[in-house]
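Each chain is listed here by its residues.
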Amino acid sequence: MTESATGGSAAKPAADRGRTSIADGVVEKIAGLAAREVVGVHAMGSGSGLSRTFGAVRDRVPGGAKSSVSRGVKAEVGEVQTALDLEIVVEYGVSIRDVARAVRENVVSAVERMTGLEVVEVNIAVSDVKLPDEDDEEPESRLQ
């Protein structure tokens, strides 16, 4: 028998040559979008109407702090695992326990499918409830 030109060892498959790293912000965006898809989630992030208003203004300013997609989401990403903390505002009348379960399921599914990372935990903080008679406090544009 003769040895191959690679010195006797089989060549690595192309998929195994190199590393892939995924930034925290990527996982945060995926999780934020997945959480918003759940019925009963009104908003992500701080619950007070005033804070949501400032957040909406900040999102419209170029270079604003955090994009609205990932607001209310914090991810810690390792090489093969990730852990997430989410802050949500729920609609009045929904079962918070059911919404939290659905958010966890949707977030875990989306993050694991898209990144290949194992989601080890999804912690959810419900910071407010959106009442039916509350207006969304969107700031009015100063431009006409």
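Let me sum up the structure you'll find in this document.

Basis of the calculations
Here the residue numbers are simple positions, counted from 1 along each chain's written sequence. In keeping with the model being predicted, local features are shown solely for residues with a pLDDT of at least 70 and side-chain atom pairs are shown and tallied solely at 80 or more, while totals for entire chains, interfaces and linings include all residues. The side-chain values count all of the structure's non-hydrogen atoms but skip hydrogen atoms and water molecules. Here, any two strands with at least 2 DSSP bridges between them count as paired. Strands are runs of DSSP state E lasting at least 2 residues, helices are runs of H or I lasting at least 4, and numbering of each runs from the N terminus. As a rule, the C-alpha atoms of each element are fitted with a line to give its axis, helices using only the stretch in contact, and angles between N-to-C directions run from 0 to 180 degrees. The cut-offs work like this: below 35 degrees is roughly parallel, past 145 is roughly antiparallel, 65 to 115 is roughly perpendicular, and the gaps in between are oblique. Rotating anticlockwise by less than a right angle from the far helix to the near helix defines a left-handed crossing, while the corresponding clockwise rotation defines a right-handed one. Pairs of residues are marked as contacts when any of their non-hydrogen atoms sit within 4.5 Å. Polar here means any residue outside two lists: the nonpolar Ala, Val, Leu, Ile, Met, Phe, Trp, Tyr, Cys and Pro, and the charged Asp, Glu, Lys and Arg; Gly therefore counts as polar. Residues adjacent in sequence count toward polar contacts only when both atoms are side-chain atoms; beyond that, a polar contact is any pair of N or O atoms within 3.5 Å, and within protein one must be able to donate a hydrogen and the other to accept it.

### Focus on the pairing of strand E2 (residues 73–77)
- Relative to strand E3 (residues 81–91), E2 runs antiparallel, the two sharing 5 bridges. Among the inter-strand pairings, Ala75 is bridged to a residue of E3, identified as Leu84.
- Count of turn residues in the E2/E3 antiparallel hairpin: 3 residues.

### So, the packing of helix H1 (residues 24–36) against helix H3 (residues 96–115)
- Where H1 meets H3, the closest approach of the two axes is 8 Å, and the angle between their N-to-C directions is 140°. Compared by their axis directions, H1 and H3 come out oblique. Where H1 crosses over H3, the handedness of that crossing is right-handed. Contacts from Val27, Ile30, Ala31, Ala34 and Ala35 in H1 reach Val103, Asn106, Val107, Ala110, Val111, Met114 and Thr115 in H3.
- Across the contact of H1 with H3, the residue classes tally to 10 nonpolar, 2 polar and no charged.

### Focus: the environment of Arg101
- Among the structural elements, Arg101 can be located in helix H3.
- On a C-alpha basis, the gap between Arg101 and Val122 in space is 9.9 Å, while along the polypeptide they are 21 residues apart.
- For Arg101, the side chain forms a polar contact with the side chain of Asp98, separated by 2.7 Å.

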